Amino acid sequence: MTALHELALRVDEAARNATAIPQITDELPNLGIDDAYAIQALSIRRRLERGERRIGVKMGLTSRAKMIQVGVDEVIWGRLTDAMLLEEGASLSRARYVHPRAEPEVVYRMGRRLAGKVTALEAMAAVEGVAPAMEIIDSRYQAFRFALPDVIADNSSSSGLVIGSFVKPSFDLSNLGVVLSVDGMPRQIGSTAAILGNPVRSLVAAARMVAQWGESLEPGDIVMAGGITAAHALSIGEYVQTDIEGLGRVAITVGD
Ligand code: OOG
Ligand code: MG
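Here the residue index of a chain counts from 1 through its sequence in written order. Both sets of labels track the order of writing: A upward for chains, 1 upward for ligands. Confidence filtering applies because this is a predicted model: local features only for residues at pLDDT of at least 70, side-chain atom pairs given and counted only at 80 or more, and all residues used for totals across whole chains, interfaces and linings. Side-chain measures were taken over the full set of non-hydrogen atoms in the model, leaving aside hydrogen atoms and water.

Let us look at the coordination of the magnesium ion (ligand 2). Only N, O and S atoms count as donors, using a 2.8 Å limit from the metal and a wider 3.2 Å limit for Na, K and Ca, and since water is excluded some coordination spheres may look unfilled. Each protein donor to the magnesium ion (ligand 2) is listed here as Glu103 (OE), Glu105 (OE) and Glu135 (OE); together their distances run 1.9 to 2.0 Å. For the magnesium ion (ligand 2), the single-chain donor residues occur in sequence as E-x1-E-x29-E. Of this pair, Glu105 sits in strand β5 (residues 101-110) while Glu135 sits in strand β6 (residues 127-137), and the two are 30 residues apart along the sequence. Both residues of the pair, Glu105 and Glu135, belong to the buried class. Here a helix means four or more residues in a row that DSSP labels H or I, a strand means two or more in a row labelled E, and each is numbered from the N terminus. Each residue is assigned to one of three classes by its accessible area relative to the maximum for its type, calculated with a 1.4 Å probe on protein chains only: buried under 20%, partly exposed between the two thresholds, exposed over 50%.

Below, the structure is given as structure tokens:
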């Protein structure tokens, strides 16, 4: 087994067993970005071999609030599978995660294929729907601390997602108000403009970044544009809801 396969196994097992591991860069301080994405791809291959299905990609660290919260300031991406989907309104099982956090996001659903260098206009023309969403991120690293190669290898902390109803993107999505509330109290407030100034730029970046790895955004794929505010650490018993102006609402409860 090569070193990259061994590291992919390590992050995959940590996710499966909800157990924290030390940062890979503690052991391999020179781990490069290309190797980190190779580890991610290998760990996702393990999931697909277990029968999970690819459903799209997530973008990460596309807002200042997120970059500041985790101390990494590069846009990253990760792969999504059907096993990560939670039903809207569902109860999440806290025991299945290491230290889960929820963050408000916007999700695009592709109507047409998109890959490589594209304009914002071309990107929007390929979108068939947009929905409010929350991502459940759960770093597999101890204390939710990592360097850029660590988080990339760990599939960009991807863990779960809950998606609301899709609507046609027939209006301007660039500056919609966003409120994440916990038990009815607003806890994080922001705007879709926090995503690179306009969330479509995250979609443009997704098309470019997946193409660097020989992949594309396919019809039916979803693309999560990235957290709009800092993420909220989840505690058992909480009711966590995100409202996005003009798009609607998604919610989960946190069970044990
Ligand atoms: C890294 C993943 C970032 C986002 O939306 O910015 C991310 C992390 O915060 O653990 O999902
Ligand atoms: Mg996210």
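The discussion continues.
Extensive coverage of strand β1 (residues 54-60) is indicated by the burial of six of its seven residues. DSSP calls a pair of strands paired once it identifies at least 2 bridges connecting them. Relative to strand β2 (residues 76-81), β1 is paired through six bridges, and the arrangement is antiparallel. By the bridge assignment, Lys58 is partnered in β2 with Gly78. Sheet topology places β1 next to strand β10 (residues 222-224); three bridges connect them, and they run parallel. When the bridges of β10 are listed, Val57 appears paired with Val223.

Moving on, we get to the packing of helix α1 (residues 3-17) against helix α3 (residues 33-49). Where α1 contacts α3, the axes come no closer than 8 Å and their chain directions differ by 60°. Between α1 and α3, the angle is such that the two are oblique. For the pair α1 and α3, the sense of crossing is right-handed. Contacts between α1 and α3 involve Leu4, His5, Leu7, Ala8, Leu9, Val11, Asp12 and Glu13 on the former and, on the latter, Asp35, Ala38, Ile39, Leu42, Ser43, Arg46 and Arg47. Where helices are involved, their axes are fitted lines through C-alpha atoms of the stretch in contact, as for all axes, and angles between N-to-C directions lie from 0 to 180°. Angle categories are assigned with fixed cut-offs, so that under 35 degrees is roughly parallel, over 145 is roughly antiparallel, 65 to 115 is roughly perpendicular, and the rest are oblique. In this scheme the crossing of two helices becomes right-handed for a clockwise turn of the near helix relative to the far one and left-handed for an anticlockwise turn of less than a right angle. We call two residues in contact when some of their heavy atoms are within 4.5 Å.

Glancing now at the pattern of salt bridges. A pair is scored as a salt bridge if a Lys or Arg side-chain nitrogen falls within 4 Å of a carboxyl oxygen belonging to Asp or Glu. Summed over all chains, the structure comprises 14 salt bridges. Put simply, Asp12 and Arg46 hold a salt bridge, and the shortest N to O gap is 3.0 Å. You can see Asp12 sitting in helix α1 and its partner Arg46 sitting in helix α3, a full 34 residues away along the chain. When its relative accessible area of 2% is taken as the criterion, Asp12 is described as buried. For Glu215, the salt bridge goes to Arg79, with nearest N and O atoms at 2.7 Å.

Neighbouring residues are identified by heavy atoms, a residue being near a molecule or strand if any of them is within 4 Å of it. With respect to spatial proximity, 17 residues lie near ligand 1, and among them Lys58, Leu61, Lys66, Ser157 and Gly227 are the closest. Pairing of N or O atoms within 3.5 Å defines a polar contact, subject to two protein rules: one partner must be a possible hydrogen donor and the other a possible acceptor, and residues neighboring in sequence count only if both atoms are side-chain atoms. Here an oxygen atom of ligand 1 and a side-chain polar atom of Glu103 are 2.8 Å apart. Side-chain polar atom of Glu105 to an oxygen atom of ligand 1: 3.0 Å apart, as the coordinates give it. For accessible areas, the Shrake-Rupley method is used with a probe of radius 1.4 Å. Any residue's cover is judged against the shown protein chains and nothing else. When the free accessible area of ligand 1 is taken as 310 Å², the share hidden by the protein chains comes to 100%. Mapped by element, the contributors of at least two residues to the shell around ligand 1 are β1, α4 (64-70), β5 and β6. At three residues, the largest contribution of residues to the shell around ligand 1 is made by β1.

Let us look at α3. Given 3.6 residues per turn, any residue in an α-helix points the same way as the ones three and four places further on. What a helix is expected to span follows from its residue count: subtract one and scale by 1.5 Å. Helix length check: α3 (17 residues) gives 24 Å between terminal C-alpha atoms against 24 Å at 1.5 Å per residue, within 8%. Buried within α3 are the following residues: Ala36, Tyr37, Ile39, Gln40, Leu42, Ser43, Ile44 and Arg47. At its buried positions, α3 is contacted by α1, β2, α6 (148-153) and α7 (200-211).

Within the fold, Ser216 resides in the loop between α7 and β10. Using a relative accessible area of 9% as the deciding quantity, one classes Ser216 as buried. In terms of polar contacts, Ser216 uses its side chain to reach the side chain of Glu218, at 2.5 Å. Look past the residues within four positions of Ser216 in its chain and what remains in contact with it is Arg54, Arg113, Leu114, Ala115, Val210 and Asp221.

Time to look at the packing of aromatic side chains. When two rings of Phe, Tyr or Trp (its six-membered ring) have centres within 6.5 Å they constitute a pair, described as stacked for plane angles under 30 degrees, edge-to-face for angles over 60, and tilted for the intermediate range. Counted by the stated rule, this structure contains three aromatic pairs. Ring centres 5.8 Å apart and planes at 25° place the aromatic pair Tyr37 and Trp77 in the stacked group. Of this pair, Tyr37 sits in helix α3 while Trp77 is found in strand β2, placing the two residues 40 residues apart along the sequence. Looking at Trp77, the relative accessible area reads 1%, which means it is buried. Both rings, one in Tyr37 and one in Trp213, keep their centres 5.4 Å apart while their planes meet at 40°; by these two values the pair is tilted. Of the two residues, Tyr37 sits in helix α3 while Trp213 sits in the loop between α7 and β10, which places them 176 residues apart along the sequence. Among the residues examined, Trp213 registers a relative accessible area of 29% and is labelled partly exposed. An aromatic cluster is present here, built from Tyr37, Trp77 and Trp213 joined pairwise through their rings.

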